Each structure stands twice: as structure tokens, then as C-alpha cells.
Amino acid sequence: MPYQVVYVKDKHTKLFIPGPTEVRKEIIDAMNEWMFGHRSPTMTDLFTTIVEDTKKFLDTNNHVIILSASGTLFMESTVMELVDDSVLCSTCGSFSQRHADIAERLGKDVDRLEYEWGKAVKPEDVREALEKKDYDAFTCVMNETSTGIRNPLDEIGEVLEDFPDTMFIVDAISALGGDYIDIESCGIDAIFTSVQKAFAMPPGLAVCVVSDEAYQRSQETDAGAWYAGFKRNIDYYKKKGQTHCTPAISLMLAYREQMKHMLEEGHKARSDRHKEMAEYTQKWALEHLDMFPEKGYWSQTVSTIKNTRGLNIEELRQTINKDYDMLFSNGYGSKLKEKTFRIGHMGDHTLGDVKALTDAIEDVAGL
Ligand SMILES: Cc1ncc(COP(=O)(O)O)c(C=O)c1O
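Novice: Help me get a handle on the environment of aspartate 212, residues and values and all.
Specialist: Looking at where aspartate 212 falls in the secondary structure, it is placed in helix α7 (residues 212-218). Its relative accessible area of 47% is what places aspartate 212 among the partly exposed residues. The sequence separation of aspartate 212 and glycine 224 amounts to 12 residues, and the corresponding C-alpha distance is 16 Å. Here the side chain of aspartate 212 touches histidine 63 through a polar contact of 2.8 Å, side chain to side chain.

Shown next as C-alpha cells:
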């Protein structure tokens, strides 16, 4: 019988999985309000506050779209909106592969710049591929959650500068808010996240930051997106300060509360806290086991640790969940399960929280 993590109602298990991550009680409580109409002034106030606060937090003048959905919606719509014919998709794990799969499913001409799982995307390879053929867009994952790789987006952005007709699309689902990125200086045309990751909110909302160039390009493509269409969302916001369809109002209440906290902490300081947690976890992993991803490209939000001691990871997870009320993740999918495990140190966790988890792992595994 395989081990299974059991969820018990009203029992608080601290989440160190790479999303959904731990959400503070104040944020959950902020959702406890009576409903109001999505065309009311109350909604306009709520929605304009969360959009403008997000721009402020990310220090961007680009457009911000917030929709009721998970981030995968924007994997699909960025391709629909920005790719007429061909797209170059860099792949280095499950999620970056998903972006390429979606583009193929949408009937685009997809070329893959493929890397072995655990390896990072290299700027020089991106340049070589872009020099060979004209692409409408290039996709890259900022943080490959399946392997714990952090791609060098600054350097990749420099390469993209030499290919101004190629839109730069970034999946930052497990990074944004936990790993500093200057969206405009990197020349990113569309970057998106899901709020249950480093934003530390309950799942159900997705955020996409769109450049003016991408907004223009989306109007030139033959078949764009409707629900997550850039023009529809951005124009509706400009005109009415609302979403074009009924949004998940309760989640937006949580968003408003959490954004106050994120603005107070600041984008850079939040990133520094994540860096501190990541460096601690990496050092701990090297002392007791090993890191899985390529050196020099270790994620700031999720550490993928190599199981060099033949530990029974699922049993370890189960025991720590039961006895310590904390939960971390096994390795991703059949490729990495049991061979690796993942500690998500994203959102509002502190170094002390992560130390409590590694202490528990040491106790139970006898490290
Ligand atoms: C890098 C990355 N992309 C995409 C996704 C899919 O996100 P969602 O389930 O919020 O659509 C995930 C989820 O873990 C992710 O980590």
C-alpha cells in the first residue's frame, strides 16, 4: 500500500510544497466578507487597488491583467495573442515543456530548444537558434519548478534585445514575487504568475504583465484569445476599472490584503529573504545529501534535493506531515520521484520556518 498524505479538516499543516504555499491567517480571514456586485463602485475600488498595487510592487509601467484562473491560462493566451506562425520554446522540465505542448496544440509551428531535466537554458543557444530563423515569440520559464532550475533571464533578455520582432514570453509562475526581476529592463513582453506561489495567496487568480508592444502585437494576430485577450482586458480596465467577466471577488479581497504586506516588504527585500532561505537550504542539502540541478542555476524559491542516501521519501513526507504538521514535496513525476525531493521556500516563509523543516527531516531520517 503506497503511503499517502492525509488531509484532516481544521488541522493546520504548514505547506513547504512548491505551491500552493502557506497562506497567512489574516489573508484567509480577509475573504470573509459579504458579496457585492462586480459592476459596483466597491468592485472598481477593489480591482483598481490590486492592479495598481501590483504595478507598484513589481515597479512596472506595463499593463497588468488579473483574472480568475490558474496561471496556465496565460501559457495558452500568450501564445494565442503573440504568435501567428512560429514560436521558439525553450524546454528544461515539465512546465516549460507544457508551454511548447500548448503552442503545438494551438497549431503553431513550434521549435524546441531542449535541455535535459536539471539543466538551465543558455543565452548563447538562444542566440544561435534565433539567428537561424525568424520567430514571432520565444518562451522561457523563469523557474522550472519540476527541477529547481532558475534560468538566467537577465542574460537571455540581452540576447532578445537583438531580435526586436520576437516577443519575449516568460512563465514566472513559481518565481514572481520571490525572485527579483526588472521586467522592463529585461525586455519581457508578457510575464505571468499564479498567486498561490510566491505571492502566498489562495489559488484561483492569475496575473500577467503585458508590454505596450505585446498589446499592439496582439491586435495584429489572426486568432487571439477572448477571455484572456490582452485588448479586451486592458481596455476594459482603462474604461471601467473592472474585469470584463465576473471575477472571484473573495480571492481579490485576499489579494488586496496580501499586497499591502508585499508592498510594505518590497520587491527587492522579498527577493533577498527568498535568497537567504534558498542559500540555507542549498547548504543544508550539500551537507547531508546533494543538489539535483546544474550548479550556478539553483532556484530561489524551490530547492530540488538529490536523494543520495536511498531514503524512502514518501514515508519521510508522511511521517513529517503526521508528527510535525509540515509538508514538503516528493520529486516531480515518474522521472524524479524518490530520486529527488523538493522544499518550497516561497511566499511568506521565514528562515526559521525552513530550519524547522530541515530539523524535522534530520530527526526522522536520522541525518
Ligand atoms: C513553472 C510553472 N508553470 C506553470 C505551472 C502551472 O500553474 P497553475 O497550476 O497555477 O496553472 C506551475 C505549477 O506548479 C509552475 O510551477
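That covers the picture; the talk isn't over yet.
Novice: Lay out the pairing of strand β3 (residues 86-91) in plain terms, naming residues and giving numbers.
Specialist: Within β3, six of the six residues are buried, which leaves the element mostly enclosed by the surrounding structure. Neither face of β3 is open: one carries Ser86, Leu88 and Ser90, the other Val87, Cys89 and Thr91, and all of them are buried. Pairing analysis gives six bridges linking β3 to strand β4 (residues 109-114), with the strands arranged parallel. Its bridge partner being in β4, cysteine 89 is matched across the sheet by arginine 112. Following the chain from β3 across helix α4 (residues 94-105) to the adjacent parallel β4, one finds a crossover that is right-handed. Across three bridges, the pairing between β3 and strand β5 (residues 137-141) is parallel.

Novice: Which residues make up the environment of alanine 198, and what values do they have?
Specialist: Relative to the helices and strands, alanine 198 is located in the loop between β9 (190-194) and β10 (205-210). We classify alanine 198 as buried; its relative accessible area is 0%. Between the alpha carbons of alanine 198 and glycine 19 there is a distance of 8.2 Å; along the sequence they are 179 residues apart. Not counting residues within four places of it along the chain, the set of residues in contact with alanine 198 comprises Ala175, Leu176, Gly177, Gly178, Arg270, His274, Met346 and Gly347.

Novice: An account of the domain arrangement of the protein is needed here, citing residue identities and associated values.
Specialist: What the domain assignment reports for the protein is domain 1 (14-23 + 266-365) and domain 2 (26-264). The straight-line distance from the C-alpha centre of domain 1 to that of domain 2 is 25 Å. Contacts between domain 1 and domain 2 engage 29 residues on the former and 39 residues on the latter. Taken together, the two surfaces of domain 1 and domain 2 that pack against each other cover about 2,800 Å², and 58% of this comes from carbon and sulfur. For domain 1, the biggest contributors to the area lost against domain 2 are Val23, His267 and Tyr297; these three give 26% of the whole. Linking domain 1 to domain 2 there are one salt bridge. Lysine 122 serves as the salt-bridge partner of glutamate 294, at 3.0 Å between the closest nitrogen and oxygen. Scanning the region where domain 1 abuts domain 2 turns up 22 residue pairs in polar contact (both at pLDDT 80 or more). Of all elements in the fold, only α10 (267-288), β12 (302-306) and α12 (333-336) reach the threshold of two or more residues within the side of domain 1 that touches domain 2. Sort the elements by how many residues they give to the side of domain 1 that touches domain 2 and α10 lands first, with five residues.

Novice: Account for the pattern of salt bridges, naming residues and giving values.
Specialist: A complete count under the given rule lists 24 salt bridges for this structure. Residues arginine 112 and glutamate 104 are paired through a salt bridge, measuring 3.1 Å at the closest nitrogen-oxygen approach. Accessibility expressed as a relative area gives 41% for glutamate 104, which makes it partly exposed. When the shortest N-O distance is used, the salt bridge between arginine 150 and aspartate 179 registers 2.7 Å. Highlighted residues: arginine 150 in strand β7 (residues 149-150) and aspartate 179 in the loop between β8 (167-171) and β9, separated in sequence by 29 residues. On the basis of relative accessibility, which here comes to 31%, the residue arginine 150 falls in the partly exposed class. Residues joined in a network through salt bridges with shared partners are Arg24, Glu26, Glu265, Arg270, Arg273 and Asp348.

Novice: Describe the site of the ligand, with residues and values.
Specialist: Around the ligand, a shell composed of 15 residues is seen, among which Ser70, Thr72, Thr145, Ser194 and Lys197 lie nearest. Backbone polar atom of glycine 71 to an oxygen atom of the ligand: 3.3 Å apart, as the coordinates give it. A distance of 2.6 Å separates a nitrogen atom of the ligand from a polar atom in the side chain of aspartate 171. Relative to its unbound accessible area of 400 Å², the ligand is 88% covered by the protein chains. Those elements that provide at least two residues to the shell around the ligand are α3 (72-82) and α4.

Novice: Just give me the short version of the sheet that holds β5, but keep the residues and values in it.
Specialist: Taken in spatial order, the seven strands make up an open sheet running β2-β10-β9-β8-β5-β3-β4, and their pairing is mixed. Of all the strands in the sheet, just β2 (63-68) and β4 have a single pairing partner and so form its edges. Here the average twist between neighbouring strands, direction ignored, is 20°. Across five bridges, β9 lies against β10 in antiparallel orientation.

The rules we used
Residues numbered from 1 in each chain as written. Predicted model: local features only at pLDDT ≥ 70, side-chain atom pairs only at ≥ 80, totals over all residues. Heavy atoms only, no water. Helix = DSSP H or I, 4+ residues; strand = E, 2+ residues; numbered from the N terminus. Buried < 20%, exposed > 50% of the residue type's maximum accessible area, 1.4 Å probe, protein only. Polar contact = N/O pair within 3.5 Å; in protein donor to acceptor, adjacent residues only side chain to side chain. Pairing = 2+ DSSP bridges. Right-handed = clockwise from strand over helix to strand, strands pointing away. Contact = heavy atoms within 4.5 Å. Domains from an automatic or database assignment. Buried area = accessible area lost by both parts, 1.4 Å probe. Salt bridge = Lys/Arg side-chain N within 4 Å of Asp/Glu carboxyl O. Near = heavy atom within 4 Å. Areas by Shrake-Rupley, 256 points an atom, 1.4 Å probe, with all protein chains shown as cover. Axes fitted to C-alpha atoms, helices over the stretch in contact; angles between N-to-C directions.

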